[in-house]
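Structural features, examined
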Amino acid sequence: MSTQTTGLIEQFRQPEYTGENRCTPCTIVNVVIAAVGSAMVSYVVTPIGGTMAFSLSLAAIYLRGYLVPGTPTLTKRYFPDWVLAKFDKLEDEEVEVSEEEREPEEVLADAGAVEPCEQMDDLCLSESFRSAWHDNMESINEDGSEKSLLSDVLDVEEEKLEFEEHDEAMVAQYDDGRLGQWESRAALVADLGAAKVLEDSYADWDDLTVTNQSRVLSGLRIFLETCPDCGGAIQMEQDTVESCCRTMDVVAVSCSECDSRILEVEHDQ
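Remember, predicted model here, so these are calculated numbers, not experimental data.

Attention shifts here to the overall build of the protein. A count of helices and strands for the protein gives 10 helices and eight strands. Residues classed as buried in the protein amount to 36% of the 269 residues present. Partitioning the intrachain contacts of the protein with sequence separation of at least 6 by distance along the chain shows that 52% fall at a separation of at least 24. Of the roughly 16100 Å² that the protein leaves accessible, carbon and sulfur atoms contribute 51%.

Structure below.
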């Protein structure tokens, strides 16, 4: 392919609607439209014309994310939210929680990580766990050992593990496949620091599934008092975010100084 042709293709491409930003419902709707339109061309003109029309339509959808202008906006506005939510879960590769998995509160209690608060009817971090957790996070920040620790936690080869940043989110890639995703580097550091403590304090930690471990670690982040990345105070607020498919309300835990997102949970109204 010539440099000129490649340049023309890149001018036509819309990165904000393709690749990881591609809206699956939009793609499906536009492929259906392309198929119907091409069938009409085949009937009215010639089968060859219909095939060419379908091929060009698919190329447009691949490069631009949609065929009909305004599809992403129309999809968010008119598709039922429960349908869009299913696509969100599919694209985020969420795994359904099995009945055998332990609840995060049970694991943390058995590990001695949380205990009843002295001045309120709630759970608080135990002093011993808080101290060990913060020491680990400080050590990770000093030596930049995220990749090494994650390879140990997941038992994968460190050489094949890579981190990519998408906006603020941290994505771990392994052998060209997605291994995991965190809201920010701060969230990643918090999880790795906690995992090191739980390996020693909870005898059955290695027997838990990766999904179960992830639920425990993300649940722990709600107990953070300072940001693992910049040391700023932690704040909780309700926010509105956009996925590729829809707009949703979330409860967000973030750092007040560097805006690192620590935890984000969809708010169920």
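That was the structure; now back to the text.
Time to look at the state of the cysteines. Under the criterion given, the structure shown has one disulfide. C227 takes part in no disulfide bond, and the closest cysteine sulfur to it belongs to C258, at a distance of 3.8 Å.

This paragraph deals with the environment of E237. Positionally, E237 belongs in strand β6 (residues 234-242). With 17 residues separating them along the chain, E237 and S254 place their C-alpha atoms 8.2 Å apart.

Our next topic: the sheet that holds strand β3 (residues 161-166). Strand order in this open sheet of three strands is β3-β4-β5, and the pairing throughout is antiparallel. Each edge of the open sheet carries a strand with a single partner, namely β3 and β5 (177-182). Going from strand to strand, the sheet's axes swing by 30° on average, the running direction of each strand aside. Sheet contacts for helix α8 (residues 146-154): β3, β4 (169-174) and β5; angle to β3, the most-contacted strand, approximately 115°. Contacting β3, β4 and β5, helix α9 (residues 185-201) runs over the sheet at an angle of about 95° to β5.

Turning next to the packing of α8 against α9. In contact at an axis separation of 10 Å, α8 and α9 are set at 50° when each is read in the N-to-C sense. Judged on the interaxial angle alone, α9 and α8 are oblique. The chirality of how α8 crosses α9 is left-handed. For the pair formed by α8 and α9, the contact residues are E146, L149, L150 and V153 on the first element and R185, L188, V189, L192, A195, K196 and E199 on the second. For the contact of α8 with α9, a count of residues per class yields seven nonpolar, no polar and four charged.

Before going further, it helps to examine α9. Its 17 residues place the ends of α9 24 Å apart at the C-alpha level, agreeing with the 24 Å of an ideal helix rising 1.5 Å per residue. Among the 17 residues in α9, 12 count as buried, and that is most of the element. Listed in full, the buried residues belonging to α9 are A186, A187, L188, V189, A190, D191, L192, G193, A194, A195, V197 and L198. Between the side-chain oxygen at the start of α9 and the backbone nitrogen of A186 there is a gap of 3.3 Å, and the oxygen is on S184.

Core analysis: the biggest nonpolar cluster contains 40 residues, and L108, F129, W133, L198, W205 and L220 have the highest contact counts within it. Elements supplying a minimum of two residues to this core: α6 (104-110), α7 (127-143), α8, β4, α9, α10 (210-220), β7 (247-255) and β8 (261-266). If you tally residues by element for this core, the top one is α9, at 10 residues. Apart from residues lying up to four places away in sequence, W133 is in contact with L125, A190, G193, A194, V197, L220, R221 and L224.

Reading the values: the criteria
- Residues numbered from 1 in each chain as written.
- Predicted model: local features only at pLDDT ≥ 70, side-chain atom pairs only at ≥ 80, totals over all residues.
- Heavy atoms only, no water.
- Helix = DSSP H or I, 4+ residues; strand = E, 2+ residues; numbered from the N terminus.
- Buried < 20%, exposed > 50% of the residue type's maximum accessible area, 1.4 Å probe, protein only.
- Contact = heavy atoms within 4.5 Å.
- Areas by Shrake-Rupley, 256 points an atom, 1.4 Å probe, with all protein chains shown as cover.
- Disulfide = S-S within 2.5 Å.
- Pairing = 2+ DSSP bridges.
- Axes fitted to C-alpha atoms, helices over the stretch in contact; angles between N-to-C directions.
- Parallel < 35°, antiparallel > 145°, perpendicular 65-115°, else oblique.
- Left-handed = near helix turned anticlockwise from the far one by under 90°.
- Nonpolar A, V, L, I, M, F, W, Y, C, P; charged D, E, K, R; others polar.
- Expected span 1.5 Å × (residues − 1).
- Polar contact = N/O pair within 3.5 Å; in protein donor to acceptor, adjacent residues only side chain to side chain.
- Core = buried A, V, L, I, M, F, W, Y, C linked by side-chain atoms within 4.5 Å.

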